[in-house]
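# Architecture and fold: a report
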Amino acid sequence: MPATDTYCTAHSIDDFRHNLATVQRRIAEACKRAGRDPQTVRLLPVSKTIPEDRLRLAYAAGCRQMGENKVQEALRKAETMSDLSDLRWSVIGHLQTNKAKYVARFASEFQALDNLRVAQELDRRLQAEGRGLDVLVQVNTSRESSKFGLPPDEVLAFVRQLPAFTSLRVHGLMTLAVFSPDLALVRPCFVKLRHLRDQLRQEAPDGIDMTDLSMGMSGDFEAAIEEGATIVRVGQAIFGPRALPDSHYWPPSNPTTSPS
Ligand SMILES: *Cc1c(COP(=O)(O)O)cnc(C)c1O
């Protein structure tokens, strides 16, 4: 994983254009190595902690979707930037059931579905709003207890329940890999998610699409693409280094001993 000082903070539309072009070029190069079409990889800019004025610069540079991991921060930004009517919001962090109502109001995508109570509450609120929501199921591929997401061996039973929630459009799986600069530790998480997706493609019920693999962040998105990512979630390589370490967002913990 590159040191955070290798990321340049974007303060102007040109800075954002430059950072976006650099990330897109790295995506294209990773696709080439993997024999993949770059059109099959979606770049999701992750804008958590970034204030509105800089999000507007990113929008002016071409970003039409932003990923946020905290619902209330995302809702506040969506409301203050509602004049940008083609800007879509993706919630990529864990959701408590009592906050599902906010996601149902403004988000176009939710990437961290990992329990049925949230699915039920989202569906109920979406029905009331007359909206649908694109959804990914979050899988814990790193066996770290601090990370949310279902253990891999529980995902099939989980997705079999999802057709009941008709406003949720399930498109695939999302994971946070282990946090390590060592790609030899990170890559197996990506491989595990791809294998699980391939298995679920055979076994998931009708109406449950298993195309997408959301995996890879600023430090490891090229490896994720080599392993099949269709969505990469990139914050710091576009916006610049975050002041707070990753442990602020995902408290560290020891790997659990439960089998996966
Ligand atoms: C912050 C975040 C990212 C992006 O991480 P960067 O290091 O900024 O690229 C990706 N996924 C999730 C769930 C995040 O919270």
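Okay, so let's go over this structure. (Residues numbered from 1 in each chain as written. Predicted model: local features only at pLDDT ≥ 70, side-chain atom pairs only at ≥ 80, totals over all residues. Heavy atoms only, no water.)

## Description of the packing of helix 1 (residues 13-34) against helix 2 (residues 52-60)
- Remark: helix 1 packs on helix 2, axes separated minimally by 8 Å, with the N-to-C direction vectors making an angle of 60°. As far as their axial angle goes, helix 2 and helix 1 are oblique. Crossing of helix 1 over helix 2 shows right-handed handedness. When helix 1 is examined against helix 2, the residues Ile-13, Phe-16 and Arg-17 are found in contact with a partner set consisting of Arg-54, Leu-57, Ala-58 and Ala-60. (Axes fitted to C-alpha atoms, helices over the stretch in contact; angles between N-to-C directions. Helix = DSSP H or I, 4+ residues; strand = E, 2+ residues; numbered from the N terminus. Parallel < 35°, antiparallel > 145°, perpendicular 65-115°, else oblique. Left-handed = near helix turned anticlockwise from the far one by under 90°. Contact = heavy atoms within 4.5 Å.)

## Looking at helix 1
- Here helix 1 contains 22 residues, and its C-alpha end-to-end distance of 31 Å stays within 8% of the 32 Å for a straight helix at 1.5 Å per residue.
- In this structure, the buried residues of helix 1 make contact with strand 1 (42-45), helix 2, helix 8 (221-226), strand 8 (231-234) and helix 9 (236-239).
- Just downstream of helix 1 lies Gly-35, where phi reads positive at about 65°. (Expected span 1.5 Å × (residues − 1).)

## Quick word on the environment of Ser-85
- Looking at the element boundaries, Ser-85 is found in the loop between helix 3 (71-80) and strand 3 (88-91).
- On a C-alpha basis, the gap between Ser-85 and Arg-64 in space is 9.6 Å, while along the polypeptide they are 21 residues apart.

## Notes on the nonpolar core
- In this structure, Phe-110, Leu-113, Leu-122, Val-159 and Leu-162 are the most contacted members of the largest nonpolar core, which totals 77 residues.
- Leaving out residues up to four positions away in the same chain, Phe-110 has contacts with Val-91, Gly-93, Leu-95, Val-103, Val-118, Leu-122, Leu-133, Asp-134, Val-135 and Leu-136.
- Of all hydrophobic cores here, the second largest spans six residues; its members include Leu-44, Leu-136, Met-174 and Ile-231. (Core = buried A, V, L, I, M, F, W, Y, C linked by side-chain atoms within 4.5 Å. Buried < 20%, exposed > 50% of the residue type's maximum accessible area, 1.4 Å probe, protein only.)

## Thoughts on the pattern of salt bridges
- Throughout the structure, instances matching the rule amount to 16 salt bridges.
- Among the ionic pairs, Arg-17 bridges to Asp-14, the shortest N-O distance being 3.2 Å. One end of the pair, Arg-17, and the other, Asp-14, are both in helix 1, three residues apart, so they sit about a helical turn from each other.
- Arg-187 serves as the salt-bridge partner of Glu-226, at 3.0 Å between the closest nitrogen and oxygen. Here Glu-226, found in helix 8, pairs with Arg-187, found in helix 7 (residues 183-203); they are 39 residues apart in sequence, far enough to count as distant.
- Accessibility expressed as a relative area gives 25% for Arg-187, which makes it partly exposed. (Salt bridge = Lys/Arg side-chain N within 4 Å of Asp/Glu carboxyl O.)

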